[in-house]
Amino acid sequence: MHWISLDKLGESESDLGQNSPQPKSGLGRKTSEGGPKSDPKPSIDPPYSSNTPIVPKKSEPKKRKVKSVTSYLTEDFSIQPEMADWYSQQADFVLEINTATAQWRDAMLSKQRKYADWVAAWRNGMRNANKWCRARKPSTGRGEFVCRTRLLCTKRI
């Protein structure tokens, strides 16, 4: 049980005895001038510095790339004259163009691939098919390439 002495309530802190709790530091105590005896609590904000780098604001927001419209390969995809010309100019191609295109078309239809530029996809497919065919050793004694699907190539090494 605690007793409160009413006659001590009106007295100042300096009049309190040793048994009264008092802070050990002078923080927060008022001086005769009216201000605290010590500095205020330190700020957690970083100090302002004149040599802080200034980061320029971006003048224009980045423009998003517009996605090109992709589509599935149509059933009636066929080799156009400019595609055949491009294929004939490739000196290292060993597969016959119609057979390689038929195999590539079936793969694209079965996997339901979508591309924005089917002619570019065809060129890439022709490069890969010929690269994979050349990577295999000739399996016939006549020096002809025979690929995984047993497509007989028209060019000889």
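Residues numbered from 1 in each chain as written. Predicted model: local features only at pLDDT ≥ 70, side-chain atom pairs only at ≥ 80, totals over all residues. Heavy atoms only, no water.

## Considerations on the nonpolar core
- Counting residues in hydrophobic clusters, the biggest one holds 18 residues, and the most contacted among them are Phe77, Tyr87, Trp104, Trp118, Trp122 and Met126.
- Looking at this core, the element that brings in the most residues is helix H3 (residues 118–135), giving six residues.
- The residues contacting Trp104, other than those within four sequence positions of it, are Leu73, Phe77, Trp118, Ala121, Trp122, Gly125 and Met126. (Core = buried A, V, L, I, M, F, W, Y, C linked by side-chain atoms within 4.5 Å. Buried < 20%, exposed > 50% of the residue type's maximum accessible area, 1.4 Å probe, protein only. Helix = DSSP H or I, 4+ residues; strand = E, 2+ residues; numbered from the N terminus. Contact = heavy atoms within 4.5 Å.)

## Looking at the packing of aromatic side chains
- Tallying each qualifying case throughout the model produces seven aromatic pairs.
- Between Trp104 and Trp118 the ring centres are 6.0 Å apart and the planes differ by 70°, which places this aromatic pair in the edge-to-face class. Taken together, the residues Trp104 in helix H2 (residues 97–111) and Trp118 in helix H3 connect sequence positions 14 residues apart.
- Look at Trp104 and you get buried, because its relative accessible area is 8%.
- Among the aromatic side chains, those forming a connected cluster through ring pairs are Phe77, Trp104, Tyr115 and Trp118. (Phe/Tyr/Trp six-rings, centres within 6.5 Å; stacked < 30°, edge-to-face > 60°.)

## A few points about the confidence of the model for the protein chain
- Confidence in the prediction of the protein chain, expressed as mean pLDDT, is 74, and 57% of residues score 70 or more.
- Confidence, read as mean pLDDT per element, is least for strand S4 (residues 152–156) in the protein chain (47) and greatest for helix H1 (residues 81–89) (95).
- For the stretch residues 148–152, pLDDT sits under 50, and the model shows 11 contacts to residues farther than four places along the chain or on other chains. (pLDDT = per-residue confidence, 0-100.)

## Re the environment of Asn98
- With respect to the helices and strands, the residue Asn98 is situated in helix H2.
- You can call Asn98 partly exposed: its relative accessible area is 49%.

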